[in-house]
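Below, each chain spelled out in residue letters.
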Amino acid sequence: MRFALPRWLAPLLVTCVGAGAAADTLYPRSGRKVEGAIVSEGPEGVVLNLYWSRNPGVTNPEHLVRLAPDQVKKVERTPRPEVETWRRLEAADPEDAAALAAIGEYARGHKLKAAARVAFALALRADAAQPVALKGIGGRSAYEAERRGNPWVDPALAEGLAAYARLAGVEERRAKARELQGLGLAWKPYELERLRRSALEPTGLQEDRPLAWQAEPLPGAVYTLFVPPAYTPARTWPLLIGLHGGGPDGKNGDEVVGSGPSAMNFYRDLAGRRGVIVACPTALVAGWQASVNEALVRAVLREVPLRYHVDLDRVHLTGHSMGGFGTWALGPRLCEELASIAPMAGGGGSNLARLLETRTPIFIFHGADDAVVGPASDRAAARSLLGSGHDFVYTELDGVGHGFPASVQEELFDFIAPRRRTGKGARDAWPRSSFLGKPTKEEREFLGDPLGAWDGAAPGLAEWLERLARGGGGALEAARWLAEHRPEGAAAAVAKLAVNARLPFDARAFALRALAGLGDAEGAGAARRALGGEPTRDESRVVVEAARTLV
């Protein structure tokens, strides 16, 4: 069987060739070279995808160039150096010093100096005498300077951080902090205390976790969170934000079809295997492009990295269907904080300027036979990226309709694994810890002061009541604390909050939950009053909690 270059390809060859980006290159015996991603190479010939997808299920002839063996002059595989460097580091055996040193040589050969230092330092961590790494990093003193205070290189510091997170006593933690400081660690007490706070956070699947950050202007906001069971705060983890599909529902169109738990089904299994934290918020209104939903996503991007140890240069945004539209809409607004975006089966990718400016990688998927959301918009976006030199992939599969098949889920995780943020202030070297930096007023207000336990000033009744009045995740924590500790005067104070119509509905709902935990008869009157609330969607949560309190 013989293959031929499609006629429509000729105008694109000029734009694809010489774009300046690394690419697999197919040289035919006659005609001009073609760039893209080699899908297969064997006895039957070579298949190259112009849209950079390596998914073997792609059948669209406009995406593929097929050449029989006798038509092929040469094939060159030239991956993007920055992506390939991190891909190799992700796959490397941490004890194989020679292999790590070779990665450093590869990075240095492509003028990726910071990434090369990472690889050389990791090689010397495995073998302090590795000659290629020692020369590459600039000698013993240069390695010691890189190692000093760096927990990613110094095993004693890594073990010390893990031990600190397990310590309960304040004096024990103070002693451990002094020990770590003596080893060169420059972390402040509040940064270490974030580490310990994170060790107390749950792992696994947490459905509909109430949002604490900015809870007052976003009443009722929740997100579903998956944290791999292997999670430890002693190292950083990538974070994937997943936007669910759906649309408007309800008599007045003010309810939302789709949810964070439904979106999590796409990501949970792979996230557990690949070591990725995933947060899937539930939209407050239909249409992720709405300002209130943007505020919700921004709040999740603030809260999760302070609760869990995230590499801030490895935060990614994706979404399917309505979430695909949302990813195209919010990606340009948030790209300064993102390592990549991945819109799936959505549309609206006409606003690419900001993504191109910040060099934000883009992974796009659509079903060729999608009858719910046609692929025209995503096709146009992908076509406009051809020849730009931008880091992107477009996978289009036939026979999958509006689905999100397993092969594409694998592709997504393969895509995000080696990619780091490249925008202003980004680092292409050591992980950028989300635990570093001074506590802000917002952190103290919504998540609590990380230095509270260190200073011995545990929150009192007044502070817990303030958090209860704000609603959201902080109110849920307050309800639990009040029910556990039952401080004097709590029932009367909480009862006033439960019937205060000026408070967010979820604040009153959690106040009633606190009353149920307190078990004080003084709360019964407040619960009876709350039962008379209007039967709106939001107020129904208050009524339900009131009924449970009375029971």
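Residues numbered from 1 in each chain as written. Predicted model: local features only at pLDDT ≥ 70, side-chain atom pairs only at ≥ 80, totals over all residues. Heavy atoms only, no water.

(A) Structural view of the pairing of strand S3 (residues 45-49). Burial runs high along S3: five of the five residues are buried. Along S3, one buried face is formed by Gly 45, Val 47 and Asn 49 and the opposite face, lined by Val 46 and Leu 48, is buried too. The sheet contact formed by strand S2 (residues 34-42) and S3 spans five bridges and is antiparallel. Its bridge partner lying in S3, Ile 38 is registered against Leu 48. (Buried < 20%, exposed > 50% of the residue type's maximum accessible area, 1.4 Å probe, protein only. Helix = DSSP H or I, 4+ residues; strand = E, 2+ residues; numbered from the N terminus. Pairing = 2+ DSSP bridges.)

(B) Structural view of the side chain of Thr 318. Its location among the elements puts Thr 318 in strand S12 (residues 310-320). The exposure class assigned to Thr 318 is buried, which follows from its relative accessible area of 0%.

(C) Representation of the pairing of strand S13 (residues 340-344) within the structure. By the criterion of burial, S13 is predominantly enclosed, with five of the five residues buried. The side-chain alternation of S13 yields two buried faces, one formed by Ser 340, Ala 342 and Met 344 and the other by Ile 341 and Pro 343. Examined bridge by bridge, S12 and S13 share five bridges and lie parallel to one another. Paired with His 316 across the bridge in S13 is Ser 340. After leaving S12, the chain enters helix H13 (residues 322-334) and then returns to the sheet as S13, a path that is right-handed. Inspection of the sheet shows S13 paired to strand S14 (residues 362-367) by two bridges, in the parallel sense. Along S14, the bridge assignment pairs Ile 341 with Ile 362. (Right-handed = clockwise from strand over helix to strand, strands pointing away.)

(D) Focus on the pattern of salt bridges. Applying the stated criterion across every chain, the model contains 37 salt bridges. For Asp 414, the salt bridge is made with Arg 274, and the minimal N-O distance between the two is 2.8 Å. Pair noted here: Asp 414 is in helix H16 (residues 406-416) and Arg 274 is in helix H11 (residues 268-274), with a separation of 140 residues, a long-range link. One salt bridge connects Arg 302 with Glu 337, and the closest N-O pair in it is separated by 2.9 Å. Here the residue Arg 302 occupies a position in helix H12 (residues 291-307), and Glu 337 occupies one in the loop between H13 and S13, the gap between them amounting to 35 residues. Overall, the relative accessible area of 32% leaves Arg 302 in the partly exposed class. Each of the salt bridges in this network shares a partner with another, and the network as a whole consists of Glu 201, Arg 209, Glu 303, Arg 307, Arg 467 and Glu 477. (Salt bridge = Lys/Arg side-chain N within 4 Å of Asp/Glu carboxyl O.)

(E) Structural detail: the sheet that holds strand S5 (residues 72-76). Strand order in the open sheet made by the five strands is S4-S3-S2-S1-S5, with antiparallel pairing throughout. In the strand order of this sheet, the two ends are held by strand S4 (64-67) and S5, each with one partner. Averaged over all adjacent pairs, the angle separating strand axes in this sheet is 35°, with direction ignored. Direction of pairing for strand S1 (residues 24-28) relative to S5: antiparallel, over a ladder of four bridges. (Axes fitted to C-alpha atoms, helices over the stretch in contact; angles between N-to-C directions.)

(F) Quick peek at the sheet that holds strand S8 (residues 237-243). Read from one edge to the other, the open sheet built from eight strands follows the order S6-S7-S11-S8-S12-S13-S14-S15, with strand pairing classed as mixed. Each end of this open sheet is capped by a strand with a single partner; those strands are strand S6 (204-210) and strand S15 (392-397). Sheet twist, expressed as the mean angle between neighbouring strand axes with direction ignored, is 15°. On top of the sheet, H13 reaches S8, S12, S13 and S14; it is set at about 135° to S12, its chief contact. (Contact = heavy atoms within 4.5 Å.)

(G) Examining the packing of helix H21 (residues 505-518) against helix H23 (residues 537-550) more closely. Close contact between H21 and H23 brings their axes to 8 Å; oriented N to C, the two are set at 5°. The angle between H21 and H23 falls in the class roughly parallel. Of the residues in H23, those touching H21 at Phe 505, Asp 506, Arg 508, Ala 509, Phe 510, Leu 512, Arg 513, Leu 515 and Ala 516 are Asp 538, Glu 539, Arg 541, Val 542, Glu 545, Ala 546 and Thr 549. Of the residues that constitute the contact of H21 with H23, the class distribution is eight nonpolar, one polar and seven charged. (Parallel < 35°, antiparallel > 145°, perpendicular 65-115°, else oblique. Nonpolar A, V, L, I, M, F, W, Y, C, P; charged D, E, K, R; others polar.)

(H) Broad picture of the packing of aromatic side chains. On inspection of all chains with the given rule, the structure shows ten aromatic pairs. Considering the side-chain rings of Phe 266 and Tyr 267, the 6.1 Å spacing of their centres and the 70° angle between planes classify their relative orientation as edge-to-face. Take Phe 266: its relative accessible area is 25%, and that puts it in the partly exposed class. Both rings, one in Phe 365 and one in Phe 404, keep their centres 6.4 Å apart while their planes meet at 20°; by these two values the pair is stacked. Of this pair, Phe 365 sits in strand S14 while Phe 404 sits in the loop between S15 and H16, and the two are 39 residues apart along the sequence. For the pair shown, Phe 365 and Phe 404 are each scored as buried. Taking NZ or CZ as reference, Arg 80 lies 5.5 Å from the ring centre of Trp 52, over its face. When the ring centre of Trp 86 is taken as reference, the NZ or CZ atom of Arg 420 above it lies at 4.2 Å. (Phe/Tyr/Trp six-rings, centres within 6.5 Å; stacked < 30°, edge-to-face > 60°. Lys NZ or Arg CZ within 6 Å of the ring centre and 35° of its normal.)

(I) Just the nonpolar core, in detail. Among the nonpolar cores identified, the biggest contains 100 residues, and Leu 211, Ile 241, Tyr 267, Ile 277, Val 304, Ile 362 and Phe 392 are the most heavily contacted of them. For this core, the element with the most residues is H12, which contributes seven residues. Residues contacting Ile 362, with those up to four places away along its chain left out, are Trp 328, Ile 341, Pro 343, Leu 352, Leu 355, Leu 385, His 390, Asp 391, Phe 392, Val 393 and Phe 415. Trp 464, Phe 505, Ala 507 and Ala 511 belong to the second-largest nonpolar core, a separate cluster that totals 31 residues. (Core = buried A, V, L, I, M, F, W, Y, C linked by side-chain atoms within 4.5 Å.)

(J) Inspection of the confidence of the model for the chain at higher detail. This prediction gives the chain a mean pLDDT of 91; 93% of its residues lie at or above 70. Of the regions scoring below 50 in pLDDT, residues 1-20 engages in 37 contacts with residues more than four places distant in sequence or in other chains. (pLDDT = per-residue confidence, 0-100.)

(K) Fine view of the environment of Arg 298. Within the secondary structure layout, Arg 298 lies in helix H12. The class of Arg 298 is partly exposed, set by a relative accessible area of 28%. Among the polar contacts listed, one links the side chain of Arg 298 to the backbone oxygen of Arg 333, at a separation of 3.2 Å. (Polar contact = N/O pair within 3.5 Å; in protein donor to acceptor, adjacent residues only side chain to side chain.)

(L) Looking closely at unusual backbone geometry. Here the phi dihedral of Asp 208 falls at roughly 50°; this positive angle occurs in a residue that is not glycine. Positive phi, normally seen in glycine, also occurs at Ser 321, with a value near 65°. As for its placement among the helices and strands, Ser 321 is situated in the loop between S12 and H13. On the accessibility criterion, Ser 321 (11% relative accessible area) is buried.

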